[in-house]
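For reference, the chains in residue letters:
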Amino acid sequence: VQLQASGGGLVQAGGSLRLSCAASGRAISSYAMAWFRQAPGKEREFVAAISYTDGDTYYADSVKGRFTISRDNAKNTVYLQMNSLKPEDTAVYYCARDGRLYSRAEPPVSRYANWGQGTQVTVSS
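The structure displayed is predicted, hence computed values, not measured ones.

Rules used throughout
- Residues numbered from 1 in each chain as written.
- Predicted model: local features only at pLDDT ≥ 70, side-chain atom pairs only at ≥ 80, totals over all residues.
- Heavy atoms only, no water.
- Phe/Tyr/Trp six-rings, centres within 6.5 Å; stacked < 30°, edge-to-face > 60°.
- Helix = DSSP H or I, 4+ residues; strand = E, 2+ residues; numbered from the N terminus.
- Buried < 20%, exposed > 50% of the residue type's maximum accessible area, 1.4 Å probe, protein only.
- Lys NZ or Arg CZ within 6 Å of the ring centre and 35° of its normal.
- Polar contact = N/O pair within 3.5 Å; in protein donor to acceptor, adjacent residues only side chain to side chain.
- Contact = heavy atoms within 4.5 Å.

Another aspect to go through is the packing of aromatic side chains. Applying the stated rule across the entire model yields five aromatic pairs. Where Phe 36 meets Tyr 112, the ring centres are 5.4 Å apart and the plane angle is 70 degrees; that geometry is what we call edge-to-face. Taken together, the positions of Phe 36 in strand S4 (residues 31-38) and Tyr 112 in strand S10 (residues 112-115) put the pair 76 residues apart, joining distant regions of the chain. In this structure Tyr 112 comes out as buried when scored by relative accessible area, which is 5%. Considering the side-chain rings of Tyr 52 and Tyr 102, the 5.3 Å spacing of their centres and the 65 degrees angle between planes classify their relative orientation as edge-to-face. Here Tyr 102 lies in the loop between strand S9 (91-101) and S10 and Tyr 52 lies in the loop between strand S5 (45-50) and strand S6 (57-59), a separation of 50 residues in the sequence. The rings of Phe 36, Phe 46, Tyr 58, Tyr 112 and Trp 115 are connected pair by pair, giving a single aromatic cluster. Seen from the ring of Tyr 94, Arg 44 lies directly overhead, with NZ or CZ sitting 3.9 Å from the centre. Directly above the aromatic system of Trp 115 lies the positively charged group of Arg 44, at a separation of 4.7 Å from the ring centroid.

This is how it looks when you write it as structure tokens:
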């Protein structure tokens, strides 16, 4: 499966962006999907995940209440709606697919076997 993330850009603090992750080559409907991010000089960190059933989501504490992950299996796409953005949200955002079928929304980076190329999000103060 190939994952293509898009939708990043430059936004002022308090603004919103919607990231998309389009999958090709294989359906993602039977897999949990997640978003991670990596800021310069820092390790990649978990942001949000959604189970294959779409009924279960999991968020990092730092984005809870501001970000929403969703999926459209018919379009083979996962989204990350980001509201009330803060300068500390600045990072490259990556989407990823769980390596296991029928997986739940869980944060460990080791769970995710397929990664997109990343999209830059920059939040100015």
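Before going further, it helps to examine the side chain of Thr 77. Assignment of secondary structure puts Thr 77 in strand S8 (residues 77-82). Thr 77 gets classed as buried once you look at its relative accessible area, which sits at 8%. Engagement of the side chain of Thr 77 in a polar contact is seen with the backbone oxygen of Lys 75, the distance being 2.8 Å. When sequence neighbours within four positions are dropped, the list of residues in contact with Thr 77 reads Ser 20, Cys 21, Ala 22, Ile 28, Arg 71 and Asp 72.

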